[in-house]
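# Coordinates in review
Read off the chains here:
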Amino acid sequence: MTVPPVAESVPVRTESGSNPPRAIQGRTPWALVFERLRHDRTAVVSAVVVAVIVLVALGAPLIAQIVGHTPDAQFRETGLSAAGIPVGPSRAFLFGTDDLGRDVFIRVVYGTRISLLAGVVASVLAVMVGVVIGLASGYFGGHTDTALSRLMDVVLSLPYLVFAIALVSVVGPSLGISIAVIAFFSWASVGRVVRGQALSITQKEYVEAARSLGAGDAHIMFIEILPNVLAAVIVYTTLLIPAAITFEATLSFLGLGVVPPTPTWGNMLSESMAYYKVAWWFVVFPGAALLLTTLAFNLLGDSVRDAFDPRHDQTFAAHPDAGA
Amino acid sequence: MIRFLARRIGFALLVLWVVATAVFLMYFVAPHNVARLIAGRQATAETVALVRHRLGLDLPVPVQYGRFLLRLAHGDLGYSFVNSESIGAIIRRDLPVTASLALGGAVLWLVIGVGAGVLAAKRPRSALDRVTTGLSLFFYSMPTFLLGELFLLFLFFRLYMAGIRFFPPSGYVPLSASVGEWARHLILPWLTIALVTAATYSRLVRGSMLDVLGEDYIKTARSKGLSERRVTYRHALRSALTPALTQFGIDLGTLLGGAIVTEQVFGLPGLGREAVLAITTEDLPLIIGIVILASAFVVVANIVVDMLYAVLDPRVRVES
Amino acid sequence: MTGATVPASLAAPPGGRAGDVLVRIEHVVKHFPVKSSALFRRRAETVHAVDGVTVEIRRGETLGLVGETGCGKSTLARCITRLYELTSGRVIFDGVDVSRFSRAELRPFRRRMQMIFQDPYGSLNPRRRVGSIIGDPFAIHGVAEGEDRKRRVQDLMAVVGLNPEHYNRFPSEFSGGQRQRIGIARAIALRPDLVVCDEPVSALDVSIRAQVLNLLADLQRDLGLTYLFISHDLSVVRHTSDRVAVMYLGKIVEIAPAHDLYQHPRHPYTVALLSAVPVPDPDVADAQQRIILSGDPPSPLDPPTGCRFHPRCPKAQAICAAQDPALVPHLADAPDHRAACHFPVADGEILATAAGAAP
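All values reported here derive from a predicted model rather than from experimental measurement.

## A look at the overall build of chain C
Of regular secondary structure, chain C possesses 11 helices and 11 strands. In chain C, buried positions account for 43% of the 359 residues. Counting only contacts in chain C whose residues sit at least 6 apart along the sequence, the fraction spanning at least 24 positions is 68%.

## Thoughts on the domain arrangement of chain C
Residue and element names in this part refer to chain C. Taken domain by domain, chain C comprises domain 1 (21-241) and domain 2 (266-340). When each unit is reduced to the centre of its C-alpha atoms, the spacing between domain 1 and domain 2 is 28 Å. With 10 residues of domain 1 at the contact, the number on the domain 2 side is seven residues. Among the elements of the structure, β2 (45-58) and α7 (234-240) are those that each provide at least two residues to the side of domain 1 that touches domain 2. If one sorts the elements of the side of domain 1 that touches domain 2 by residue count, β2 sits on top with five residues. Residues of the side of domain 1 that touches domain 2, tallied by class, amount to four nonpolar, three polar and three charged.

## Some points on the sheet that holds β2(C)
Residue and element names in this part refer to chain C. Taken together, the four strands give an open sheet; going across it, the order is β2-β1-β4-β5, and neighbouring strands pair in antiparallel fashion. Pairing within the sheet leaves two strands with one partner each, and these edge strands are β2 and β5 (96-97). The sheet contact formed by strand β1 (residues 21-34) and strand β4 (residues 88-93) spans five bridges and is antiparallel. Across the sheet, residue V29 finds its bridge partner in β4, namely S88.

## Observations concerning the nonpolar core
Counting 253 residues, the largest nonpolar core has A:I165, B:I287, B:V291, B:I292, C:L228 and C:V246 as its most contacted members. Structurally, this core is a two-domain feature, drawing no fewer than three residues from each of domain 1 (21-241) and domain 2 (266-340) of chain C.

## So, the environment of A:A289
All names here are of chain A. Note on placement: A289 falls in helix α12 (residues 280-308). Each C-alpha atom of the pair A289 and A122 lies 20 Å from the other, and the pair is 167 residues apart in sequence. When sequence neighbours within four positions are dropped, the list of residues in contact with A289 reads V108, G111, T112 and W265.

## Topic: the interface of chain C and chain A
The parts lose accessible area when they come together, and the size of an interface is often stated as this lost area. In this complex, chain C contributes 32 residues to the contact, which on the side of chain A involves 25 residues. Residues belonging to the side of chain C that touches chain A are distributed by class as follows: 10 nonpolar, 14 polar and eight charged.

## Regarding the sheet that holds strand β6 (residues 113-116) of chain C
Residues and elements named next belong to chain C. Here we have seven strands laid out as an open sheet, ordered β6-β7-β8-β3-β9-β10-β11, and mixed in their pairing. One side of each edge strand has no neighbouring strand; the edge strands of this open sheet are β6 and β11 (338-339). Examined bridge by bridge, strand β3 (residues 62-66) and strand β9 (residues 243-248) share four bridges and lie parallel to one another. Bridge pairing in β9 places L65 opposite A245.

## Details of the interface of chain A and chain B
Across the boundary between the two partners, chain A contributes 33 residues, which contact 42 residues of chain B. For the side of chain A that touches chain B, the elements supplying multiple residues, two or more each, are α6 (142-157), α7 (160-171), α10 (217-253) and α12 of chain A. For the side of chain A that touches chain B, the leading source of residues is α12(A), giving nine residues. Split into classes, the residues belonging to the side of chain A that touches chain B amount to 23 nonpolar, eight polar and two charged.

Conventions we followed
- Residues numbered from 1 in each chain as written.
- Chains lettered and ligands numbered in written order.
- Predicted model: local features only at pLDDT ≥ 70, side-chain atom pairs only at ≥ 80, totals over all residues.
- Helix = DSSP H or I, 4+ residues; strand = E, 2+ residues; numbered from the N terminus.
- Buried ≥ 20, exposed ≤ 12 C-beta atoms within 10 Å, placed from the backbone.
- Contact = placed C-beta atoms within 7 Å.
- Domains from an automatic or database assignment.
- Nonpolar A, V, L, I, M, F, W, Y, C, P; charged D, E, K, R; others polar.
- Pairing = 2+ DSSP bridges.
- Core = buried A, V, L, I, M, F, W, Y, C linked by C-beta atoms within 7 Å.

Right under this line is the structure:
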């Protein structure tokens, strides 16, 4: 007796060769998420904004060429008034100049690079560390879990800014230190979330099945468990990036991050503290750039989270393909 | 209950010990002339040698560590050579400023944040909800220092130029001198802290309220005929507030250790600004002292929060 | 006949002769300590999941293992495949004592004994593609890479009746029956000697069961597999097994060739189980005596003394509470029909109901 291949959902071509009936496509879990994102207007808008910001960061030298100003160039004749006060937005200086007659527009553009770099690198680092430690903690359980959980609790209890101050005062401010500090204070919250999920997934039958096949710990952690926490990890990363960007800006503002003359939004806002009465543009434009970036990432992060886990209070527009 | 408390205190001590050790490692083991740093940049060679001996920096490192911990245990945070004051005195001077800022801000953000969250949760997807959510997102994305600076620009300066001289630019007036002036100088700083923090709470409370309102026991309460107000405030709020409570402990504790950015922007002479200044003057003992104090605040705040949990939720007390 | 002829990649001849003992399980005991949640009850409690089981599995046969939920059959299965550590006892696989082997030492044996799980929805990782899941045995044991692995996986899919083109699909895109086939493909990938089937069809629609059972039978014939077939459903076991063992509360109470067990059950528990199997013919069903066991099944935390079944047994007497009966042949039975009972049921004997009350 033959066991035929079990029925599959492939459209059958009718005799006359006319259009086949619409196939029922099985949707992979990732396709579903993508579909939800595609139809979420805020997600699309914020994604576009983020893309533009990334492009600006990547194209900064090109933009500098087009405008004709470099971020460090000081235009004492045209950029400062007779009294030495920065000049406001004009054709020559789109965002005005700063206290040294530098083009604020170009400096804001270059500042994008630092913010994005710090934000993304620190987040990715934090997530990588958090995932590994969370997986180990949740999978191995027992003493490993106790020790690692304690570690995460301790790290989460540290007042981060004060600590960052202490650290930087010893080592000296730099971009690398900023990234390391941000990553250090961010990994533990990721780790906790991953640990929780790993704990419950370790009890699932497919993990038992993997063990019965002879799979080693690494296989189970990274091939069986990790894909199931990936959703949470992705959401966390997108929400971590704006926090990291803000953290970096704060550090630079306090003089603990990237120091002048390299432009970052944080140190520009710090410099502008002395000039806000005479040069509002020096505050508003870097501030707007910073705010816009964090807003866009936060919106995107919220949308991504909703795409992975639609909440009960959301109404869904009917899928355009539904009922066809 | 006692065991529960004991465990929490044990953990708190662990954190403090880790912090103290980390700080010790950073300064005393890091490769630079510690005595020189402590004595200050302007110190002469004799002062440096004196400092070195007086601080026992010529002793082996483990011994120094032991003495360091011992001093801490006695509550002695050290002496600031740069300021020629004991750290304790500096803290006593600065703490009221930070506390005024932190506590005032806390009251504001609780009222605004929790209030907005509850209101939004009661009418999901209404106009009110959408506005609240939008504003929350806006302020949530706003770095504190930026908001502070914007306030200075628009609420202080622009209004000032327009003739409204209400908001002062900076500075602090102690409560003992004049309540009115004290408050007037703190309004902008309070608003800065409160709006940014309230955004987090509003999102948090809205989310957890929505979860709780969907629970069966709430439906039961309603079907028993309880008024909507009672349902919301007596039943739902209690459970929904727990995550906010945890967050509050962390936030208040952290803030008490120095609302660094806000103090910097508004020129308030609190612990935060002191810490930032200490970097430029390279005043190590002061930085160490403030770091440890800040950690202590966070840790104590967490214990208080946990105890509140134990009071509110009997399950916590019985856990093995 | 399976969906495709057995491909070359699978057609390695099995070692050993049919009829040899493949797995010997000796006095296996598995206890789980239970942590008491109340603050003051410090007395350590253990769940006596498996309490001294001795049985053999012969090469090429299907040994059925039946019992109520909680009798320990799944635990026993996991002890045999060494997913659990044994509390005591020995598991001897093809002459090698694997009871105390470390994970590294067990690895080569993992190729030779495999498991098929009950829950088609839980036993496959929802975030992995099916081809990857089936390819795991090859990956883990370093048997095949890349294109070779893909080809072998697709061969396997064909053998179990799946469309090899669905290699890249996720489990959620398959039905329950198809998912079980995926699990089966995964289990037979490396041509194991022993396949432990833990309730493989219990979660499937009745209409699908026959297909899957037939597949298992075909595979056994084509690949020379040995099955340990676990189920709570006697009618399923009857048609698939050569021999059947009945478990109760952690011990085997009767073991016999399938035909003998169903025609001449000796242990009162077996008789009760069989009486509960629904019979399609209403007249025959009416004529059957239904034995209703009284009392709740005792808990494995605190098993009864002596014969564990005595509190619910219609034939229990004083000796049953005192002495645990040995698993031996009774009456005129052949040596491989054994029951653990002081008062085995003779052919045609009517069992009184409701005699046993809980002690």
